Amino acid sequence: MMEAVLIDLFSLPANLQNNIRGSLCNTLETIEKCSSIRAPFVYVMCCQRQGSERKGEQEFSLPALGGFQSLERRLEVVCAPTTAAALYTIKQRLDEKDLSIIKVILPTLRKDSMKLYIDYLFTGVYQFEFEDFQVVSDCESIQISEPQGEGQTLPPQDMRLIRSEIEMHLESLPSLKGELTILRSSLIPDDIFLHGFTTRTGGISYIPTLSSCNLFSSSKRRDPQVVVKENLRRLAKAAGFNPESFHRVKVDHANAVCIMGKTEPDNYDGIVTDQKGVTLAAPGADCIPVLFADPVRKACGAAHSGWKGTLLGVSMATVNAMVSEYGCNVKDILVVLGPSVGPCCYKLPHESAKEFHKIDPKCVRQLDSASPYIDIRRATRILLERGGVLPENIQDDSITDQNQNITFCTACHPDKFYSHFRDGTNFGTQIGFISIRD
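For clarity, every value in this text was computed on a predicted model and none was experimentally measured. (Residues numbered from 1 in each chain as written. Predicted model: local features only at pLDDT ≥ 70, side-chain atom pairs only at ≥ 80, totals over all residues. Heavy atoms only, no water.)

Quick notes on the packing of helix α4 (residues 156–172) against helix α5 (residues 225–239)
Where α4 meets α5, the closest approach of the two axes is 10 Å, and the angle between their N-to-C directions is 55°. In this view, α4 runs oblique relative to α5, as classed from their interaxial angle. Crossing hand, α4 versus α5: right-handed. Across the interface between the two elements, R163, I166, E167, L170 and E171 from α4 touch V226, V227, K229, E230, R233 and R234 from α5. Across the contact of α4 with α5, the residue classes break down as four nonpolar, no polar and seven charged. (Axes fitted to C-alpha atoms, helices over the stretch in contact; angles between N-to-C directions. Helix = DSSP H or I, 4+ residues; strand = E, 2+ residues; numbered from the N terminus. Parallel < 35°, antiparallel > 145°, perpendicular 65-115°, else oblique. Left-handed = near helix turned anticlockwise from the far one by under 90°. Contact = heavy atoms within 4.5 Å. Nonpolar A, V, L, I, M, F, W, Y, C, P; charged D, E, K, R; others polar.)

So, the sheet that holds strand β2 (residues 41–47)
Working definition: the strands of a sheet are paired by backbone hydrogen bonds and lie parallel or antiparallel to each other. In space, the five strands of this open sheet follow the order β3-β2-β1-β4-β5, with parallel pairing throughout. The strands lining the two open edges of the sheet, one partner per strand, are β3 (75–80) and β5 (127–132). Ignoring strand direction, the axes of neighbouring strands in this sheet form an average angle of 20°. Most of the contacts of helix α2 (residues 83–96) go to β2, to which it runs at about 165°, and overall it touches β1 (4–8), β2, β3 and β4 (101–106). (Pairing = 2+ DSSP bridges.)

Considerations on the packing of aromatic side chains
A full pass over the atoms with the stated rule returns eight aromatic pairs. Between the aromatic rings of Y88 and Y206, the centroid separation amounts to 5.8 Å while the plane-to-plane angle is 80°, which identifies the pairing as edge-to-face. With Y88 in helix α2 and Y206 in the loop between β9 (193–198) and α5, this pair connects stretches of sequence that are 118 residues apart. For the pair Y88 and Y206, one class covers both residues: buried. Measuring from centroid to centroid gives 6.3 Å for Y346 and F421, while their planes differ by 75°, and the two rings are edge-to-face. One end of the pair, Y346, is in the loop between β16 (334–337) and α8 (350–359); the other, F421, is in helix α10 (residues 420–423), with 75 residues separating them in the sequence. (Phe/Tyr/Trp six-rings, centres within 6.5 Å; stacked < 30°, edge-to-face > 60°. Buried < 20%, exposed > 50% of the residue type's maximum accessible area, 1.4 Å probe, protein only.)

With respect to the side chain of S211
Here S211 is to be found in the loop between β9 and α5. A relative accessible area of 6% means that S211 is categorised as buried. In this structure the side chain of S211 is engaged in a polar contact, spanning 3.3 Å, whose partner is the backbone oxygen of S205. When near neighbours in sequence (up to four residues on either side) are disregarded, S211 contacts L176, K177, R200, S205, Y206 and Y418. (Polar contact = N/O pair within 3.5 Å; in protein donor to acceptor, adjacent residues only side chain to side chain.)

Description of the sheet that holds strand β19 (residues 394–395)
The mixed open sheet is built from six strands, whose spatial order is β11-β12-β15-β14-β16-β19. What marks the edges here is a single partner per strand, and that holds for β11 (257–259) and β19. By the bridge criterion, two bridges tie β16 to β19 in an arrangement that is parallel. Looking at the pairing, V335 lines up with I394 of β19. In this fold helix α7 (residues 314–326) packs onto β11, β12 (270–273), β14 (288–294) and β15 (299–305), with an angle of close to 160° to the strand it touches most, β15.

Considering the pattern of salt bridges
For the structure shown, the criterion picks out 23 salt bridges. The partner of D95 in a salt bridge is K91, and the shortest N-O contact between them spans 2.8 Å. With D95 and K91 both in helix α2 and four residues apart, this pair spans about one turn of that helix. Side by side, D95 and K91 carry an identical accessibility label, which is buried. Residue R381 pairs with D396 through a salt bridge whose shortest N-O separation is 2.7 Å. Here R381, found in helix α9 (residues 376–386), pairs with D396, found in the loop between β19 and α10; they are 15 residues apart in sequence, far enough to count as distant. For D396, a relative accessible area of 3% translates into the label buried. Overlapping salt bridges bring together K91, D95, D98 and R222 as one network. (Salt bridge = Lys/Arg side-chain N within 4 Å of Asp/Glu carboxyl O.)

Following this line, the structure appears as structure tokens:
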């Protein structure tokens, strides 16, 4: 059952505007008759012409709504100067109400371009159905289309214009939840490496669990890739790296490591380079984003270490890749553990907890319970030290000077960090990033 209806009147020809009133009446009447029990939310998308007397003034007047009692409080006209701006506003309305099944009623000639806008601005969470909009004139219907217009592929220049329009609109949006904040470690020399760990502030993501600087998109979440790209652009500008030379690990919750410049694996949780100006990144939303730096050989790396990756030794695998590929001495490598779920909050099933107990009994609290508390940070440190990394070259939550601490518990700080453990499936993601300065 459809949850919302979008009526696209954005680009109707001026000579047909007088017919809109009757067409809208017919369309709304059909929606009301066909809706079962509860009427859907209806959004009418119009163009806000340049020179309008007041912001939001619509070009097309709505019919009187007295005859549409079930729709009266569920209908909204959205006027904006561009399709991207209008559609993004409607997306916000849908997300506020957690709506996902949408019927789009639009002129046939607009269908291909609208589908492209939707591909950019929405994810696999949403389901769309399309229906032709007809303008009624003297009891006759006027198809707003051209012969064979439907289903044709948009010219490349039109596709570029649509993407550019969307990007420009997103760039114009204000940052949410305060300024963009980057946490940096005093262990990594700033004159050689550019690095940091992001928090959740300073981006444009507006859904509560994703707000505001979410840096990961998937088909199962509501933040599209274009929004994540804009968040990344703002991060890159603030941090000083080139977003076009940005490489994030392809998470598999295992221990494979990608060597920049060699064949890229399909999935990997660690990545290393000795190339200047290339920014490596690892995500985290409870899992540990781990950064590696060798100031002697001038090499660096990043790894994503969840509980599975920790048990599989992904951090030490990243260290070993730096040693074998770039001739690093393990005693020169600096390792920093970023914000991640702490032993205060994180639990695992008993069978998984026993594997951490084998590493060190202190990695587990309440082992006899069904879901013991786990310290994946301590386990990571122990495995690194066993591999030859010097204890003083590892920064984690054991640091004594709390003013220097950057390994906060993500679950305990909802104002600063995303947390899968805390927020559920539609969670946001922060990252740790590092590069060698030019």
